[in-house]
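What follows is the residue order along each chain.
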Amino acid sequence: MSGGAKLHVRVAEVVPVNDLIKRFRFVTRDGSPMPAFSGGSHTVVEMDDHGTRRLNPYSLMSDPEDTSGYEISVRRDEAGRGGSLFMHTHVQPGMEMVLSHPLNLFQLDGRSRKHLMIAGGIGITPFLAQIKQLTHFGGRFELHYAARNRELGAYTADLKSAHGDRVHLYFDEEGQVIDLKSLLNRQPIGTHLYVCGPKGMLNWVRSTAQAQGWPEASVHFEEFLAPGTGTVFQAQLATSGKTVTVGTHQSLLEAIEAAGVDAPYLCRGGACGQCETNILHCDGTILHRDHWLTPEDQAAGTKIMPCVSRFEGKTLILER
Amino acid sequence: MTKTAFPPSIKSRPVYADLVARPGTYHLVIADGEGAGAVVDLLAGAAEPAVMLAVMHVVYAPGPNGTDEAAVLQALGAAQFYRAPTIAAMLPRIARVLLDAHMGTQFYLAGTEGLIGQAEREIMATGFPHTAIQKEHRGSTVRRVQCVHCKGITESVRTDPFACSHCGLNLFVRDHYSRRIAAFQGVNIDAEDPGLVPAAVERFK
């Protein structure tokens, strides 16, 4: 079974954090401990949305050493494909759900002298777990957290009261903006930078860091991509001898799974590389949307990440 | 001095490339011996050498073969220039400079493997990724070798095998390199047949 071993859990708590965000706590059904994880890990939550199987990755925000349960925070996305709406409207305490084991694609670099964290909105969640981890190990960190306004800035009060001056808050509606250039310029050598938030913020932070001479290996980022919509297309699966039709709101990976083919996956957000698939023939254009393939690989057109990428054209034959 | 071409080897053996000017708020250049030539070439290839020199600190020591081009580097006109008598004498200065350094600093190392490895180790200790430190080999190929038995380090090893300067064992010099120790590994060559030691060959010059 692709996706690794599963955790069979029960929803212990559903807590509204603000108008857009709800927090969910999961515990094992048999009372056994959950596996410990490392700050920055995510879990893939399986949802049965009235017949539609949804698998969405969410960052774990609870203490990595707390094996009594996992917590995630989900922001409701009205325009999304429906995973976050399902979590908000259908998931109730007592419900049984299935999670993947934690997977970390956004881990702290333990060699660094200092961890500089930049969060935007719901992008705060992996940092909550990382900060708890650093509190146990005594690591040095500084968090810069931007949200639309005070009401939507989740966990700001907790962070501020627990960590004081290490936490810097910015509210868009009050005209507060991170002075990024100056912030990056005054970091001691050996600092590692971590950023999680909306795409615009990621691009802004990564390009500013690069322009100011920060090495790529010192800049860590996480963005789970939603598969995105597109035109309907067909793909032939050479190994399994099937042809799948990918709907407008469906991902190629989901269409492959719906055809009964057990394709590998982990993050389902274009980040981990697990679902990489060879292209045997392509008469058309691959719409690469992942963070995994190098620009050279994407240009070569011999590989595709079916969790987020799509195709437009006549014929696509995959080795799957 | 031409650049050094090393024969293909195992994965752990360090490889080197030409120094290239990169955008940065500060440039720390550390060189020994013939590495001075790489620094001259670095600036010759830079788009704005004057801008770079204004925020550049050059630290230099003569090479293990006696090559001393300190005058050439001093004449470049970097904001700071320091000539150390030896690599060992230069390391505390590098550590002190790193205490005040900020992200945005670019590192350029040039010269022998002993210089490159030890300077890299100081920089890595801050958490800076070693993959972002530029390294160009020039000059002598003598090696800094750690005896895997007594852990003692022998500098400027020329022959293979050689006698460990600490415990006296006859050591075969491997290409197996430790970035953490900044040294190649030397393994006893006559452990099974004591005294049966192949003739020493001058492999490193």
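Residues numbered from 1 in each chain as written. Chains lettered and ligands numbered in written order. Predicted model: local features only at pLDDT ≥ 70, side-chain atom pairs only at ≥ 80, totals over all residues.

## Re the overall build of chain A
Check the secondary structure of chain A and you find seven helices and 17 strands. Counting every position in chain A, which comprises 320 residues, the buried fraction comes to 43%. Within chain A, contacts between residues at least 6 apart in sequence are counted, and of these 68% link residues at least 24 apart. (Helix = DSSP H or I, 4+ residues; strand = E, 2+ residues; numbered from the N terminus. Buried ≥ 20, exposed ≤ 12 C-beta atoms within 10 Å, placed from the backbone. Contact = placed C-beta atoms within 7 Å.)

## With respect to the pairing of strand β5 (residues 134-137) of chain B
All names here are of chain B. Where burial is concerned, the two faces of β5 agree: the one with Q134 and E136 and the one with K135 and H137 are both buried. As paired elements, strand β4 (residues 105-111) and β5 share four bridges and run parallel to each other. Paired with A110 across the bridge in β5 is E136. Each parallel crossover has a hand, and for β4 linked through helix α5 (residues 113-124) to β5 it is right-handed. (Pairing = 2+ DSSP bridges. Right-handed = clockwise from strand over helix to strand, strands pointing away.)

## A short note on the sheet that holds strand β13 (residues 233-237) of chain A
Residue and element names in this part refer to chain A. With respect to topology, five strands assemble into an open sheet ordered β14-β13-β17-β15-β16, the strand pairing being mixed. Whereas interior strands pair on both sides, the edge strands pair on one side only; in this sheet they are β14 (242-246) and β16 (303-304). Of the strand pairs in this sheet, β13 and strand β17 (residues 310-318) are connected by two bridges, and their pairing is parallel. Bridging across to β17, Q236 finds its partner in I317.

## Overview of the sheet that holds β4 of chain B
Residues and elements named next belong to chain B. As summarised here, the arrangement of the five strands in space is β3-β2-β1-β4-β5, forming an open sheet in which the pairing is parallel. With one partner strand each, in any of the chains shown, β3 (80-83) and β5 form the two edges of the open sheet. Neighbour to neighbour, the strand axes of the sheet diverge by 10 degrees on average, direction disregarded. In this sheet, β3 lies alongside strand β2 (residues 56-61) in parallel orientation, the contact comprising four bridges. Across the sheet, residue V58 finds its bridge partner in β3, namely F81. Across the sheet, helix α4 (residues 87-100) is in contact with β1 (26-32), β2 and β3; its angle to β2 comes to roughly 160 degrees. Running at roughly 160 degrees to β4, α5 makes contact with β1, β4 and β5 of the sheet. (Axes fitted to C-alpha atoms, helices over the stretch in contact; angles between N-to-C directions.)

## Notes on the packing of α4 of chain B against α5 of chain B
Residue and element names in this part refer to chain B. Contact geometry for α4 and α5: axes closest at 10 Å, N-to-C directions at 25 degrees. Relative to α5, α4 is oriented roughly parallel. The element α4 and its partner α5 pack so that their crossing is right-handed. Listed contacts from α5 to I87, L91, I94, A95 and L98 of α4 are G114, L115, Q118, A119, E122 and I123. Here the contact of α4 with α5 is built from residues that sort into eight nonpolar, two polar and one charged. (Parallel < 35°, antiparallel > 145°, perpendicular 65-115°, else oblique. Left-handed = near helix turned anticlockwise from the far one by under 90°. Nonpolar A, V, L, I, M, F, W, Y, C, P; charged D, E, K, R; others polar.)

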